[in-house]
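# Fold and contact review
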Amino acid sequence: ASAALTLLGSSVAALVVWKWLGKRMIQKKMEEAQRTRDEGMKKMAKAVQQFREQVPSVQTDAILSLPLLELTGRLQEGSLSPRTVLYTYVEKVSALEVTQQTNCLRHFIPECEEQLQEIQRHKEKGLLYGIPVSIKDHIGHKGHLATCGLVQCLGTLMEEDSVLVKVLKRQGAIPFAMTNVPQSLFSYDCSNPIFGQTLNPLNPQKSPGGSSGGEGALIAGGGSILGIGSDMGGSIRLPSSFCGLCGLKPTAERLRWVLALPFQPCSWSSPAAGEKHWCGCLLLSHPVPCALGPMARDVDSLALCMKALLCQEMFQLDPAVPPIPFNEEVYSSSAPLRVGYYDTDGYFPLPPCMRRAVKETRRALQAAGHQLVPFSPPRVPYVMTELFLKTFFADGGRAWLDVLTGNIVDPVLKPLVNSCKFPRLVKKLLALLLKPLQFLLLLKLKDVATISTCRSVKEMWNHHHQIQVYRSQFITQWKELQLDVVLCPVLGPAFTKGYPGKLLTAISSTMLYNVLNFPAGVVPVSTVTEADEEELKLYKGCCDDPWDRALKQAVSGAVGMPVAVQCVALPWQEELCLRFMKEVETLSRDK
């Protein structure tokens, strides 16, 4: 018995030491990543200082205030040099004006200086000649990490540029910064244990949104003029809404496979390792596909970026991308539009200011000669619970939990992690006990612990089929009303940091168009007023339950923060979507 107790004690001690060593190793990896980031910032700050000594008379504020179209014109004609523009933006970031306030930068790209030299050798100036561009953490750039905020990704550098980065460079752009993301990308906050919490530059108490939150914060803070994000449930549109930017989620296949991560379609740490990874399957082979798209200060910038990307180089480098060049005629059209509209999706009622934005925009469009038609998106509660969430948690979240094994879990994700950890038997029991409340749950399901899973391959195929059926039904309803586009709300205003983790299902307004795979964009049209804040006090939501009250708390204290609307078109009609966004932008600025 004594020997058994000794053996047990030794085993427990060994286990404690093993766990401590594992945590210490994780901590060292994180510290090394942070040190590398800080050294990169110092290096770029030194390069800026050298440039300043050589060219002391740069009008920094004048350059930073130029819209993208005007800046490209100045660069094309030669009245501004790419070197001057690059170091002006690098200075804005490296001088800590943006990064200290927001912690939006994951890493500078020192090779931007090499790209600066490379574009001078080009025979022709591309559409983005000399434009500094920021890219989201997981978009591959040669020689850099694509971390997704996960420790296991800190040891693998990209061996080559992603197709997207290659095309940007061929168009004369200069990728100069990679931006922060939430851990595993599965959050619309922006926090991970490696690089920390990113804050909203308009209000440090607020979140910038996610998962492209680093992009949103950097652009809104003036540190970038054009950024590339990704969107699988609102990850471009929510940061754009929270930070007062314009952002476009295209049809996923319009820029398909330009996403590069340090794994093959279903492997993570390296192509050879073959370690299956939730993020890989999620982003690259999924019935609700991930879309890459631009984020910027105005709609014209988004249009120019899409025009630059949808070029012969893109189609040659990646034959999976349909060879459909940007249709300038559609974007430039001024023909009246037939616009469907709604201010609530019947699932998660949004704050009063977001519904006000839709109503005011509808009236402005009507006054401008467009035809407005009431539209009601069908069965959004069903889409949210049975199509969207069931797609992500078909296995009860087990693959996602595997990703987080060996990681320090970010506090934002802990409520979701805890829900996924419920044993299957407990989940079944919960589903049985809550069956009498089925209608309420369908109306607003809050906890992934009660989401049904796909228990067989046959059930998974049937689930995919249900998504296709819903898409067909939605398009039929759209066509019956002869709509060109749809105007609808987007989640906002910016949440107080920490709240996105408590309100996963509040993203129904954006999620719907990921399930449908429709192009959708966000345009800021107003700001939160004192009257909005007073009206918010009366907000009851759907059921005046804890989640409705949490939403009320999340958006309170937002006077002066941006208020946006969402613009939607049918698949492959990005140019029409952008044209509609431009119309909304123009009308909002004229009022």
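Every residue gets a number counted from 1 within its own chain, in the order that chain's sequence is written. Given that this is a predicted model, residues contribute local features only at a pLDDT of at least 70 and side-chain atom pairs are listed and counted only at 80 or more, while totals for whole chains, interfaces and linings are drawn from all residues. As a rule here, side-chain values cover all heavy atoms of the structure and leave hydrogens and water aside.

Looking at an unreviewed UniProt entry, one finds the chain named Fatty-acid amide hydrolase 1, with Hirundo rustica as its source organism. UniProt positions are given in the numbering used here, feature names are shortened, and annotations may be inferred rather than shown by experiment. Per its UniProt entry, the chain bears the Sequence similarities (unreviewed entry) comment "Belongs to the amidase family."

A word on the sheet that holds strand S9 (residues 338–341). With respect to topology, 11 strands assemble into an open sheet ordered S1-S3-S2-S6-S8-S7-S12-S13-S11-S9-S10, the strand pairing being mixed. The two strands at the open ends of the sheet, each matched to only one other strand, are strand S1 (105–108) and strand S10 (371–374). Adjacent strand axes in the sheet meet at a mean angle of 30° when their direction is disregarded. Bridge count for strand S7 (residues 246–249) against strand S8 (residues 291–296) is 2 bridges, and the pairing is antiparallel. Paired with Cys246 across the strands is Ala296, a residue of S8. Any two residues whose heavy atoms approach within 4.5 Å are treated as being in contact. For helices, the fitted line uses only the C-alpha atoms of the stretch in contact; every axis is such a line through C-alpha atoms, and the angle between N-to-C directions lies from 0 to 180 degrees. Working definition: helices are DSSP H or I runs of at least four residues, strands are E runs of at least two. Numbering for both runs from the N terminus. Packed onto the sheet, helix H14 (residues 352–367) meets S9, S10, strand S11 (485–489), strand S12 (520–527) and strand S13 (562–568) and runs at close to 60° relative to S13. We treat two strands as partners when DSSP finds at least two bridges between them.

What follows concerns unusual backbone geometry. In this model, Gly210 is joined to Ser211 through a cis peptide bond whose omega is 10°. With respect to the helices, strands and loops of the structure, Ser211 is situated in the loop between strand S5 (196–197) and helix H8 (213–220). Following Gly492, the chain continues into Pro493 via a peptide bond in cis, with omega recorded as -10°. Looking at where Pro493 falls in the secondary structure, it is placed in the loop between S11 and helix H21 (508–516). The phi torsion at Ser184 lies on the positive side, around 70°, for a residue other than glycine. Residue placement: Ser184 occurs in the loop between strand S3 (174–179) and strand S4 (191–192). The phi angle at Trp572 is positive, at roughly 75°, despite the residue not being glycine. Within the secondary structure, Trp572 is located in the loop between S13 and helix H24 (574–590). Buried means the residue's accessible area, taken with a 1.4 Å probe over protein chains only, is under 20% of the maximum for its type, while exposed means over 50%, and partly exposed covers the values in between. For Trp572, a relative accessible area of 35% translates into the label partly exposed.

Turning next to the confidence of the model for the chain. Per-residue confidence from the predictor is given as pLDDT, running between 0 and 100. Considering every residue of the chain, the mean pLDDT works out to 88; 89% of them sit at 70 or more. Within the model, pLDDT remains below 50 along residues 258–278, and this stretch shows 63 contacts once partners closer than five positions in the same chain are excluded. Contacts for the low-pLDDT stretch residues 438–446, under 50 throughout, to residues beyond four places or in other chains number 26 contacts.

Glancing now at the pattern of salt bridges. Whenever a carboxyl oxygen of Asp or Glu lies within 4 Å of a side-chain nitrogen of Lys or Arg, that contact is scored as a salt bridge. Evaluation of the coordinates by the stated rule reveals 20 salt bridges. Among the ionic pairs, Glu32 bridges to Arg35, the shortest N-O distance being 2.5 Å. Taken together, the residues span about one helical turn, with Glu32 and Arg35 both in helix H1 (residues 2–54) at a distance of 3 residues. Given the relative accessible area of 39%, Arg35 is considered partly exposed. Lys537 is paired through a salt bridge with Glu534; the nearest N and O atoms lie 3.0 Å apart.

As a further point, take the UniProt feature "active site" (unreviewed entry) in the chain. Under the present numbering, the feature "active site" (unreviewed entry) in UniProt falls on Lys136, Ser211 and Ser235. In summary, the annotated positions, though distributed over 100 residues, converge in three dimensions, the widest C-alpha pair being only 10.9 Å. Within the local environment of Ser211, its side chain forms a polar contact with the side chain of Lys136, the two groups lying 2.6 Å apart. Considering the arrangement of structural elements, one finds Ser235 in the loop between strand S6 (226–231) and helix H9 (237–243). By relative accessible area, which is 10% here, Ser235 ends up buried. For the purposes of these results, a polar contact is taken to be a pair of N or O atoms within 3.5 Å, where, inside protein, one atom must be able to donate a hydrogen and its partner to accept one; residues adjacent in sequence count only when each atom of the pair is a side-chain atom.

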